[in-house]
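Close look at the chain arrangement
One-letter residues, chain by chain:
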Amino acid sequence: SSLFNYQQRPDYTRTLAKASAGIEWNADFDELWGVFPFEVNLVRIPRRSSAFEQFLLTSNDVVLANSYTDHLIMGARFNITRNTQLMPGRQHRRDWFYRISAEWMGYGGVLGPKQKDPGSGEVYRTLGDIRYAEYLKLDLDGRHYLKLHDRSTLAFRLALGAAKPFGNLPVMPFETSFFTGGANSIRAWRARSLGPGSYYSTTNNFDRIGEARLEANVELRFKMFGYLEGALFTDAGNIWYLQDNPARPGSQLAADRFLSEIAIGTGIGARLNFDFFIVRFDLGLQTKDPSLPQGQRWIFEPHDDLYSTRFGQKLNLNLGIGYPF
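Bear in mind that the values here come from a model prediction, so they are computed numbers and not experimental data. (Residues numbered from 1 in each chain as written. Predicted model: local features only at pLDDT ≥ 70, side-chain atom pairs only at ≥ 80, totals over all residues. Heavy atoms only, no water.)

Structural notes on a nonpolar patch on the surface
The grouping of Y227, L232, I268, L272, F281, L283, F311, L315, L317 and L319 at the surface amounts to a nonpolar patch, some 970 Å² of accessible area in total. Contributing elements (two or more residues each) for the nonpolar patch: β13 (263–273), β14 (278–288) and β15 (315–321). When residues of the nonpolar patch are assigned to their parent elements, the largest contribution, three residues, is made by β15. Tracing the backbone through its elements, the reader meets Y227 in the loop between β11 (212–225) and β12 (228–240). (Patch = residues over 30% accessible without salt bridge, like charges linked within 9 Å, V, L, I, M, F, W, Y side chains within 5 Å. Areas by Shrake-Rupley, 256 points an atom, 1.4 Å probe, with all protein chains shown as cover. Salt bridge = Lys/Arg side-chain N within 4 Å of Asp/Glu carboxyl O. Helix = DSSP H or I, 4+ residues; strand = E, 2+ residues; numbered from the N terminus.)

Encoded structure:
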């Protein structure tokens, strides 16, 4: 498979080229295995505006700066997917879905000539004068569907992930880092606008990424009339860095505080189910915002003027195709 993506924004122009070669096979009716020994992802940024250059400089954020440089991602991927809903003639009340994906990128950092960064003194290897990333990544996604009766279903989802950069590039590439928010995640926040951890910023550039993710969702789906279906949902989770990032205080995963940094969004949904595809509208409310100080994170708690926002700013409307999970 191959993919090419071109992005032109006021801040920068970016191209992304991706190629993958491997094999997938059905181990059973409901189980799919995949092994991809060759994957390559080339990110080029031929243009960055002067204002964006200044923003990267003044942010003093190594992770952010490295995310907007040319880089190469290459390595191998392995995945297993099981979905009991695919079993022929299955009519059980309970169904399960899980996906396990593992990536090893960099091939041990032994390819290409060495170069030295004149500013930081870092020594790294390049291919075609482009620095390549090295990391290990594990991503788990599990779902359970409980059919209450003919007109309603309760759906649960738990997603866990961790990634560790090392060697040739000390940070995770932007494209393969974890993020949360958006139509298939914590729907009260826009994609890449939540976290990491309790990090707070007065500006939002939709650049929030992390090296670890914890996310849980529960949704009650029910038929109404005709093609129309309804839903009530609660989403919870966040992302974190595994290592300290001084430019984003509160972003590191810590055992003594990560539970208090779980964001919670609640909401309602409407879906048009035409059998062959579903058009989905979900309205999420930011019920608990971990970026606010302790004692002000829940929507019903009093807020200082600095952190006070209008009720409408805590709502986010999502448009999606298909169920979120």
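Digging into the pattern of salt bridges
This model, assessed by the stated rule, comprises 21 salt bridges. For the salt bridge of D139 with R213, the shortest nitrogen-to-oxygen distance reads 3.0 Å. A residue pair is termed long-range when its members are at least 10 positions apart, and D139 in strand β9 (residues 135–149) and R213 in strand β11 qualify at 74 residues. On the basis of relative accessible area, D139 is assigned to the partly exposed category, the value being 23%. Of the charged contacts, one joins R157 and E215 as a salt bridge, the two residues approaching to 2.8 Å between their closest N and O atoms. Of this pair, R157 sits in strand β10 (residues 152–165) while E215 sits in strand β11, and the two are 58 residues apart along the sequence. You'll find R157 and E215 in the same group, each marked buried. Within this structure, R187, E219, R221, D235, R271, R280 and D282 form a network of salt bridges that share partners. (Buried < 20%, exposed > 50% of the residue type's maximum accessible area, 1.4 Å probe, protein only.)

Structural notes on the pairing of β9
With twelve bridges joining them, strand β5 (residues 94–105) and β9 adopt antiparallel strand pairing. Residue Y98 lies in a different strand from β9, and its bridge partner there is G142. Here 14 bridges tie β9 to β10, and the two strands are oriented antiparallel to one another. Along β10, the bridge assignment pairs H144 with F156. (Pairing = 2+ DSSP bridges.)

Some thoughts on the environment of T309
Residue placement: T309 occurs in the loop between β14 and β15. For T309, a relative accessible area of 39% translates into the label partly exposed. Here the side chain of T309 touches K314 through a polar contact of 3.3 Å, side chain to side chain. (Polar contact = N/O pair within 3.5 Å; in protein donor to acceptor, adjacent residues only side chain to side chain.)

A short note on the sheet that holds β5
One open sheet holds the twelve strands; their spatial order is β1-β2-β3-β4-β5-β9-β10-β11-β12-β13-β14-β15, and the pairing between them is antiparallel. One side of each edge strand has no neighbouring strand; the edge strands of this open sheet are β1 (2–8) and β15. The sheet shows a mean angle of 20° between the axes of neighbouring strands, taken without regard to direction. Relative to strand β3 (residues 31–48), strand β2 (residues 12–28) runs antiparallel, the two being bridged by 14 bridges. Note that in β3 the partner of E24 across the bridge is G34. (Axes fitted to C-alpha atoms, helices over the stretch in contact; angles between N-to-C directions.)

Looking at unusual backbone geometry
With the exception of glycine, the majority of residues adopt a negative phi angle, and the majority of peptide bonds are in the trans configuration. Cis geometry is found at the peptide bond from G195 to P196, where omega equals -10°. Within the fold, P196 resides in the loop between β10 and β11. Residue D129 is not a glycine yet carries a positive backbone phi of 65°. Examined against the element boundaries, D129 turns out to sit in the loop between β7 (123–127) and β8 (130–131). D129 gets classed as exposed once you look at its relative accessible area, which sits at 66%. In the Ramachandran plot, D275 falls in the positive-phi region, its phi being about 70° despite a non-glycine side chain. One can find D275 in the loop between β13 and β14.

Regarding the nonpolar core
Core analysis: the biggest nonpolar cluster contains 20 residues, and Y68 and Y135 have the highest contact counts within it. Going through the elements one at a time, α1 (50–59) and α2 (62–67) are the ones with two or more residues in this core. The contact partners of Y68, leaving out residues within four places of it in the chain, are Y12, R14, I45, R48, F52, L56, F174 and D207. One finds I186, A188, W189 and A263 within the second-largest nonpolar core, a separate group that totals five residues. (Core = buried A, V, L, I, M, F, W, Y, C linked by side-chain atoms within 4.5 Å. Contact = heavy atoms within 4.5 Å.)

With respect to the packing of aromatic side chains
Counted under the stated rule, the structure contains twelve aromatic pairs. Summarising the aromatic geometry, the rings of Y12 and F52 are spaced 5.5 Å apart at their centres and angled 45° between planes, so their arrangement reads as tilted. Residue Y12 is found in strand β2, and its partner F52 is found in helix α1; the two are separated by 40 residues along the sequence. On the basis of relative accessibility, which here comes to 6%, the residue F52 falls in the buried class. (Phe/Tyr/Trp six-rings, centres within 6.5 Å; stacked < 30°, edge-to-face > 60°.)

In short, shape yes, function no, at least from these values alone.
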